Amino acid sequence: MKRRIAAVVPALAAVAMAVPLALSTPATAAASCGRTASDMDSSAWNRTANGANERSGSSTGCASNGIAYNTHRLDYHCYTRIGSTDETWTYLRNDTTGTSGWVRDDLLSDGGSLVYCGF
């Protein structure tokens, strides 16, 4: 719900521009393996799902950079959406371990970042 409100305008523009393309090609990961994101979100949280993989891109096919545990402090940078689905991923820095990566938002106890990365 919170992301839908924050992403209404960009989502409507993206749909208007991508409808013909979306009908002819499958949805792809919004952040390819190895893609990072700048810190656009000032929030930091201490809780995640226990053992959430921090990946090099917004796909389970991307390598894991580390694991975030519910005792770790996480600095959210922004989130992205996978194709035309409701699946979102947050790019974060794990301040406890020093690693950065993408975590699927349904694995974060608070749903992840509220700031859209723009891609």
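Residues numbered from 1 in each chain as written. Predicted model: local features only at pLDDT ≥ 70, side-chain atom pairs only at ≥ 80, totals over all residues. Heavy atoms only, no water.

Novice: Please clarify how the pattern of salt bridges should be interpreted in this entry.
Specialist: Close approach of charged atoms allows side chains with opposite charge to pair. Per the stated rule, a full pass over the model turns up two salt bridges. We note a salt bridge from Arg93 to Asp95, for which the minimum N-O separation is 3.4 Å. Using a relative accessible area of 34% as the deciding quantity, one classes Arg93 as partly exposed. Take Asp95: its relative accessible area is 38%, and that puts it in the partly exposed class. In this structure, Arg104 and Asp106 form a salt bridge, with 2.5 Å as the shortest nitrogen-oxygen distance. Among the residues examined, Arg104 registers a relative accessible area of 24% and is labelled partly exposed. (Salt bridge = Lys/Arg side-chain N within 4 Å of Asp/Glu carboxyl O. Buried < 20%, exposed > 50% of the residue type's maximum accessible area, 1.4 Å probe, protein only.)

Novice: For this particular structure, what's the right way to read the packing of aromatic side chains?
Specialist: Going through the model one piece at a time under the given rule, you end up with three aromatic pairs. Geometrically, the ring pair formed by Trp102 and Phe119 is edge-to-face, given 6.1 Å between the ring centres and 75 degrees between the ring planes. With Trp102 in strand S6 (residues 100–104) and Phe119 in the segment after S6, this pair connects stretches of sequence that are 17 residues apart. Residue Trp102 is classed as buried on the basis of its relative accessible area, which comes to 0%. Ring pairing ties together the aromatic residues Tyr91, Trp102 and Phe119, which thus form one cluster. (Phe/Tyr/Trp six-rings, centres within 6.5 Å; stacked < 30°, edge-to-face > 60°. Helix = DSSP H or I, 4+ residues; strand = E, 2+ residues; numbered from the N terminus.)

Novice: Explain the pairing of S6 to me, please; I cannot follow it from the model alone.
Specialist: Judged from the five bridges that link them, strand S5 (residues 88–94) and S6 form a sheet pairing that is antiparallel. By the bridge assignment for S6, Arg93 is matched with Ser100. (Pairing = 2+ DSSP bridges.)

Novice: What exactly am I supposed to notice about the state of the cysteines here?
Specialist: Think of a disulfide as a covalent bridge from one cysteine sulfur atom to another cysteine sulfur atom. All chains considered together, the criterion is met by two disulfides. Between Cys33 and Cys62 runs a disulfide, and the two sulfur atoms are separated by 2.0 Å. Disulfide Cys33-Cys62: torsion about the S-S bond near -90 degrees, hence left-handed. With Cys33 in the loop between helix H2 (8–24) and strand S1 (44–45) and Cys62 in the loop between strand S2 (52–55) and strand S3 (64–68), this residue pair connects regions lying 29 residues apart in the sequence. Given a relative accessible area of 48%, Cys33 falls into the partly exposed group. (Disulfide = S-S within 2.5 Å.)

Novice: Help me understand the side chain of Asp105 in this model?
Specialist: Inspection of the secondary structure puts Asp105 in the segment after S6. The class for Asp105 is buried, based on a relative accessible area of 5%. Side-chain polar atoms of Asp105 contact the side chain of Thr90, separated by 2.5 Å. (Polar contact = N/O pair within 3.5 Å; in protein donor to acceptor, adjacent residues only side chain to side chain.)

Novice: Is there a simple way to think about the environment of Gly111 in this case?
Specialist: With respect to the helices, strands and loops of the structure, Gly111 is situated in the segment after S6. Taking C-alpha positions, Gly111 is 9.1 Å from Thr48, a pair spaced 63 residues apart along the chain.

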